[in-house]
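# Structural overview
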Amino acid sequence: MKNSVNTETLLIHGGISVDERTGAVNIPIYQTSTYKQDGLGKMRGYEYSRTGNPTREALEALIADLEGGVAGFAFGSGMAAMTAVLSLLHSGDRVLISSNVYGGTFRLLDKVFDHFNISYTIADTTDLSVFESQITDGVKAVVIESPANPLMTVTDIRAVAEVSHKHGLLVVVDNTFMTPYLQKPLSLGADIVVHSATKYLGGHSDVVSGLVVVSTKDLADKIAFIQNSTGGVLGPFDSFLLIRGIKTLAVRMDRHVFNAEKAAQFLSSHKAVKKVFYPGLENSQGFEINKKQAKNGGAMISFELHDNYDIHTFFESLQLVSLAESLGGVESLVCHPSTMTHASIPADIRKKVGITDGLIRLSVGIELIDDILADIDQAIAKSERK
Ligand SMILES: *Cc1c(COP(=O)(O)O)cnc(C)c1O
């Protein structure tokens, strides 16, 4: 039954949705570090909460169901989740990363995995022949995001997975921006899905967390071992918050996207706006590919103002929309990628991949969109240099 229902229903009934012992329709917060054993070697399924916790397990089963994977794993942040996945690699291995990859993922490879002789190459995942030519000796994995932050670059996940598998690469997709409601990378050929559940899955800007879903039993065993060994697990209370957030994902996303489509239209026709990046716009890069692999364009938009607008004044003049890191919460947020989310990427690389200092990223919330657009409009008006 569960396998045949739609994602909207699975959000609510997936995983372990009823407490076995009491029938409670919400899995309790098992706020415990350890479990009484009935005798030597006689455990009731749990021994220590780093290894396993019922609340975390309910979340892990839920995300596995939603992404259509074999097993799910919950971590203390998206970066802890990515660290666990990259820990599958060995000294001497190389990773290909798409050029617009999340700044933290770049930093993790550039400054941490670098210590372990694991290297990376920034790859063009939008051009298959260039991409294939970058699969040299030692390349073992590819990490992609689609759409990728902050230029909302779309990558053909199925095509990249096919080329990568021909060369034996592990295909990792960071599905944070789309969520399994809008896009299911495992069904497109990916081996592993990673989430910053801090964003849309949690949805309320009140929890930092990360999730991993794998496509095979072998990968499940390996990630379970890494999760228990490195220990970056999500706590029971945060696991509960995430399950609670995930239940409303479909209704929230529908509204996020409805608002984003209106915002993209508004910005596209605004005289102060030089360029809009949104995969839901028909003239955008990758529109057709995105339509093929995702339900719609999501709710993240980037845009550039013309040079005669001062972005400092723009950010300072906003009254409803907050200038903040993060995205995917119910409230609309803006950020400045070149000094915030992507500051860890060196200026020359930023320039090369097109992350200009005038770029503004908007995470469209679920407020009444007219209010949000009025706020943006007045801030733009104030920021015009006379
Ligand atoms: C935020 C984010 C991350 C990092 O997740 P944290 O929960 O902040 O550690 C990774 N990838 C993407 C696309 C993100 O937006």
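See the structure printed just above.
A brief report on the enclosed structure follows. (Residues numbered from 1 in each chain as written. Predicted model: local features only at pLDDT ≥ 70, side-chain atom pairs only at ≥ 80, totals over all residues. Heavy atoms only, no water.)

## Some thoughts on the overall build of the chain
- The helix and strand inventory of the chain stands at 14 helices and 12 strands.
- The globule rule puts the C-alpha radius of gyration for 386 residues at 21 Å, and the 21 Å found for the chain is close to it.
- Principal axes of the C-alpha set define a box for the chain whose edges measure 80 × 50 × 35 Å.
- Each of the 386 residues in the chain was classed as buried or not, and the buried ones make up 53%.
- For the chain, the share of sequence-separated contacts (at least 6 apart) that also reach a separation of at least 24 residues comes to 72%.
- Within the structure as shown, the chain displays about 16600 Å² of accessible surface, and the carbon and sulfur contribution to it stands at 53%.
- Side chains of the chain carry 35 positive and 43 negative charges; the gap between the two charge centres is 2 Å. (Helix = DSSP H or I, 4+ residues; strand = E, 2+ residues; numbered from the N terminus. Rg over C-alpha atoms; globule rule 2.2 N^0.38 Å. Buried < 20%, exposed > 50% of the residue type's maximum accessible area, 1.4 Å probe, protein only. Contact = heavy atoms within 4.5 Å. Areas by Shrake-Rupley, 256 points an atom, 1.4 Å probe, with all protein chains shown as cover. Lys, Arg positive; Asp, Glu negative; His and termini not counted. Charge placed at Lys NZ, Arg CZ, Asp CG, Glu CD.)

## Here's the deal with the sheet that holds strand 9 (residues 300-305)
- Reading across the sheet, the five strands line up as 8-9-12-11-10 and stay open at both edges, with mixed pairing between neighbours. Each edge of the open sheet is held by one strand with a lone partner, namely strand 8 (273-277) and strand 10 (322-323).
- Relative to strand 12 (residues 359-363), strand 11 (residues 333-335) is paired through three bridges, and the arrangement is antiparallel. Paired with Leu 333 across the strands is Ser 363, a residue of strand 12. (Pairing = 2+ DSSP bridges.)

## Some thoughts on the pattern of salt bridges
- Using the criterion set out here, one finds 12 salt bridges in the structure.
- Between Arg 56 and Glu 60 there is a salt bridge, with its nearest N and O atoms 3.2 Å apart. Highlighted residues: Arg 56 and Glu 60, both in helix 2 (residues 54-67), separated by four residues, approximately one helical turn. For the pair Arg 56 and Glu 60, a shared accessibility class is recorded, and that class is buried.
- A salt bridge links Glu 132 to Lys 166; the nearest nitrogen and oxygen atoms lie 3.0 Å apart. Placement of the pair is Glu 132 in helix 5 (residues 128-133) and Lys 166 in helix 6 (residues 157-166), with a sequence separation of 34 residues.
- On the basis of relative accessibility, which here comes to 25%, the residue Glu 132 falls in the partly exposed class.
- Beyond isolated ion pairs, a larger network of salt bridges with shared partners links Lys 274, Glu 304 and Asp 307. (Salt bridge = Lys/Arg side-chain N within 4 Å of Asp/Glu carboxyl O.)

## Observations regarding the nonpolar core
- Among the nonpolar cores identified, the biggest contains 84 residues, and Ile 301, Phe 303, Leu 305, Phe 314 and Ile 376 are the most heavily contacted of them.
- A total of eight residues in this core trace back to one element, the largest contributor, which is helix 10 (residues 249-268).
- When residues are assigned to domains, this core turns out to be shared by domain 1 (7-247) and domain 2 (250-383), each giving three or more.
- Filtering out sequence-adjacent residues up to four positions away, Leu 305 remains in contact with Ala 272, Val 273, Lys 274, Ile 311, Phe 314, Gly 358, Ile 360, Ile 380 and Ser 383.
- One finds Met 82, Val 95, Leu 219 and Ile 345 within the second-largest nonpolar core, a separate group that totals 31 residues. (Core = buried A, V, L, I, M, F, W, Y, C linked by side-chain atoms within 4.5 Å. Domains from an automatic or database assignment.)

## So, the site of the ligand
- The ligand sits among 13 residues. The nearest are Gly 78, Asp 174, Ser 196, Thr 198 and Lys 199.
- A distance of 2.7 Å is found between an oxygen atom of the ligand and a side-chain nitrogen or oxygen belonging to Thr 198.
- One of the side-chain nitrogen or oxygen atoms of Lys 199 is found 2.7 Å away from an oxygen atom of the ligand.
- For the ligand, whose free accessible area comes to 370 Å², the fraction covered by protein is 90%.
- Split into classes, the residues belonging to the shell around the ligand amount to four nonpolar, six polar and three charged. (Near = heavy atom within 4 Å. Polar contact = N/O pair within 3.5 Å; in protein donor to acceptor, adjacent residues only side chain to side chain. Nonpolar A, V, L, I, M, F, W, Y, C, P; charged D, E, K, R; others polar.)

## What to know about the environment of Asp 19
- Assignment of secondary structure puts Asp 19 in the loop between helix 1 (7-13) and helix 2.
- Separated by 176 residues in sequence, Asp 19 and His 195 have C-alpha atoms that sit 26 Å apart.
- Those residues in contact with Asp 19, other than ones at most four positions away along the chain, are Ala 24, Asn 26, Ile 27, Pro 28 and Tyr 30.
- Among the polar contacts listed, one links the side chain of Asp 19 to the side chain of Thr 22, at a separation of 2.7 Å.

## Comments concerning the environment of Ser 146
- Mapped onto the fold, Ser 146 is located in the loop between strand 4 (139-145) and helix 6.
- Given the relative accessible area of 2%, Ser 146 is considered buried.
- Separated by 148 residues in sequence, Ser 146 and Ala 294 place their C-alpha atoms 9.4 Å apart.
- Residues in contact with Ser 146, not counting those within four places in the same chain, are Thr 153, Val 154, Thr 155, Ile 157, Asp 174, Met 178, Gln 183 and Gln 293.
- Here the side chain of Ser 146 touches Gln 293 through a polar contact of 3.3 Å, side chain to side chain.

## Considering the packing of aromatic side chains
- Under the defined criterion, the tally for this structure stands at five aromatic pairs.
- Seen in terms of ring centroids, Phe 106 and Tyr 120 are 5.4 Å apart; in terms of plane orientation they differ by 75°. Their pairing is edge-to-face. Taken together, the positions of Phe 106 in helix 4 (residues 103-112) and Tyr 120 in strand 3 (residues 119-123) put the pair 14 residues apart, joining distant regions of the chain.
- On the numbers, 6.2 Å between centres and 90° between planes, the contact of Phe 303 with Phe 314 is edge-to-face. In this pair, Phe 303 sits in strand 9 while Phe 314 sits in helix 12 (residues 311-317), placing the two residues 11 residues apart along the sequence. Of the two residues, Phe 303 and Phe 314, both sit in the buried class. (Phe/Tyr/Trp six-rings, centres within 6.5 Å; stacked < 30°, edge-to-face > 60°.)

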